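Notes for the structure review
Residue-level listing of the chains:
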Amino acid sequence: MPVITYREALNQAMEEEMRRDPNVLLMGEEVGQFNGAYKVSEGLLDKFGPERVIDTPISEAGFIGAGIGASMLGVRPIMELMFWSFYSVAFDQILNNAANVRYMSGGQINCPIVIRGPANGGTNVGATHSHTPENVCANHPGVKVVVPCTAYDAKGLLKSAIRDNDPVMFMENTILYNDRMEVPEEEYLIPLGKADVKRVGKDLSIIAHGRSVIHSLKVAEILQEKYNISAEVVDLRSIRPLDEETILASVRKTHRVLLVEENKPFCGVDAQIAYIIQDKAFDDLDAPIKRVSSIDAPQIYCPPLEKEQMPNPDRILKAALALMK
């Protein structure tokens with residue numbers, strides 16, 4: 001089985017879907033001649049030409065709006081944002097129009113669009129380029145939100161997202177783009193809304209998404225080796241739809257829960273998950289639910305301080321050990 005990067009997995013997913021369906025196209029700033037700001041679209045312009053790999057002006061409101069209009073007429077656009085922070089420029093197009101068009105049309109008009117790009121901190125680019133808006137997008141009925149953490153998941157989920165008839169917000173992480181793993185050559189799909197137990201355990205459930213899963217897996221190894229604590233790591237993969245069944249099954253097995261996310265804590269994804277757990281599995285808990293999230297401040301520019309602002313193995317380990325007392 002070939003070993004490829006997260007970046008290459010995304011590229012393969014787009015190429016395969018563009019070959020399968022001539023209605024699939026890619027739009028965004030520098031996706032064509034420059035091969036993408038992060039080289040995710042490398043080679044696609046040569047393979048599909050400028051009518052299907054379209055370089056756009058630096059206007060998120062303009063090209064996201066154009067993509068949404070095209071999707072309502074049967075095209076399946078993949079829209080690349082250079083940073084998900086810039087979704088706010090197209091907030092009306094994404095979360096007012098795309099999210100609501102199927103409902104407002106009585107089911108007569110679909111909006112099969114994928115909006116993808118990096119949504120993460122940790123790269124020292126400041127508060128205006130470091131948002132993780134999965135909680136904001138998930139708050140709007142009508143959109144789906146996906147946050148993969150591995151190359152295998154990224155490819156399977158992106159292919160499913162492109163085939164979905166609803167708008168899918170696909171949030172990546174620039175720090176993970178060079179991570180490598182085995183990815184099958186044969187075609188596979190990962191359904192949206194299905195979490196993955198990345199590590200099986202019996203003493204503690206660590207529930208996370210995005211790069212926080214990678215940190216959580218490192219902490220789970222430390223807990224096992226140094227403290228003989230068996231931690232289960234659940235990767236949400238999809239924020240909306242959310243796989244409540246897998247979350248609750250893990251909680252009912254371990255009876256202790258640590259929620260980890262790069263979101264800021266106020267109204268974060270984990271706030272909703274904590275509510276679901278206490279509502280549906282309260283009697284299974286042997287300890288209060290704990291959270292590790294980014295410290296509630298605009299993203300810090302200074303590299304050492306930003307590292308401490310975000311979830312990191314040290315902060316996650318400290319919270320996990322406190323839960324086991």
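Keep in mind that this is a model prediction, so the values were computed, not measured.

**As for the packing of aromatic side chains**
Under the defined criterion, the tally for this structure stands at seven aromatic pairs. Taken together, a centroid distance of 6.2 Å and an interplanar angle of 90 degrees make the contact between Tyr 38 and Phe 83 edge-to-face. With Tyr 38 in the loop between β2 (24–28) and α2 (44–48) and Phe 83 in the loop between β4 (76–80) and α4 (91–98), the pair connects residues that are 45 residues apart, well separated along the chain. Among the residues examined, Tyr 38 registers a relative accessible area of 19% and is labelled buried. Counting every residue linked through ring pairs, the aromatic cluster contains Tyr 6, Tyr 38, Phe 83, Phe 86 and Tyr 177.

**What to know about empty space enclosed by the protein**
Under the definition given, this model contains one cavity of 30 Å³ or more. In this structure, the largest cavity encloses a volume near 90 Å³. What lines the largest cavity is a set of 14 residues, and nearest its centre among them are Ala 119, Val 147, Asn 173, Gly 210 and Arg 211. Among the elements of the structure, β7 (168–172) and α8 (211–227) are those that each provide at least two residues to the lining of the largest cavity. In terms of residue class, the lining of the largest cavity is built from five nonpolar, five polar and four charged. Composition of the lining of the largest cavity by domain shows at least three residues from each of domain 1 (3–182) and domain 2 (196–324).

**As for the nonpolar core**
Counting 55 residues, the largest nonpolar core has Leu 223 and Leu 258 as its most contacted members. Counting contributing residues per domain, this core is built from domain 1 (3–182) and domain 2 (196–324), each supplying no fewer than three. Within the second largest apolar cluster, 43 residues are counted, among which are Ile 64, Trp 84, Ile 115 and Ala 274.

**As for the pairing of strand β5 (residues 114–118)**
Most of β5 is tucked away: five of the five residues are buried. Looking at chain direction, β4 and β5 are connected through three bridges and run parallel. Within the sheet, the bridge partner assigned to Glu 80 lies in β5 and is Arg 116. The pairing of β5 with β7 spans five bridges and is classified as parallel. Looking across to β7, one finds that Arg 116 is bridged to Phe 170.

**Observations concerning helix α10 (residues 269–280)**
The terminal C-alpha atoms of α10 lie 17 Å apart, and with twelve residues this matches the ideal 16 Å at 1.5 Å per residue to within 8%. Inspection of α10 places Val 269, Asp 270, Ile 273, Ala 274, Ile 276 and Ile 277 among the buried residues, and these make up the whole buried set. The buried residues of α10 occupy an angular sector of 160 degrees when the element is viewed end-on, so they sit on one face. Next to the buried residues of α10 lie α6 (134–138), β10 (204–208), β12 (238–240), α9 (244–254), β13 (257–260) and β14 (290–292).

**As for the sheet that holds strand β3 (residues 53–55)**
If you walk across this open sheet you meet the seven strands as β3-β2-β4-β5-β7-β6-β12, and the pairing is mixed. Of all the strands in the sheet, just β3 and β12 have a single pairing partner and so form its edges. Neighbour to neighbour, the strand axes of the sheet diverge by 20 degrees on average, direction disregarded. Along the sheet, helix α1 (residues 6–20) contacts β2, β3, β4, β5 and β7; its crossing angle with β2, the most-contacted strand, is approximately 130 degrees. Packed onto the sheet, helix α7 (residues 151–163) meets β2, β4, β5, β6 (144–146) and β7 and runs at close to 160 degrees relative to β7.

Rules used in this analysis
- Residues numbered from 1 in each chain as written.
- Predicted model: local features only at pLDDT ≥ 70, side-chain atom pairs only at ≥ 80, totals over all residues.
- Heavy atoms only, no water.
- Phe/Tyr/Trp six-rings, centres within 6.5 Å; stacked < 30°, edge-to-face > 60°.
- Helix = DSSP H or I, 4+ residues; strand = E, 2+ residues; numbered from the N terminus.
- Buried < 20%, exposed > 50% of the residue type's maximum accessible area, 1.4 Å probe, protein only.
- 1 Å grid on protein atoms, 1.4 Å probe; cavity = no way out; pocket = protein on both sides within 12 Å on 5 of 7 lines; lining within 4 Å.
- Points joined across faces, edges and corners; volume = space filled by probe spheres on them.
- Nonpolar A, V, L, I, M, F, W, Y, C, P; charged D, E, K, R; others polar.
- Domains from an automatic or database assignment.
- Core = buried A, V, L, I, M, F, W, Y, C linked by side-chain atoms within 4.5 Å.
- Pairing = 2+ DSSP bridges.
- Expected span 1.5 Å × (residues − 1).
- Arc of directions from axis to C-beta.
- Contact = heavy atoms within 4.5 Å.
- Axes fitted to C-alpha atoms, helices over the stretch in contact; angles between N-to-C directions.

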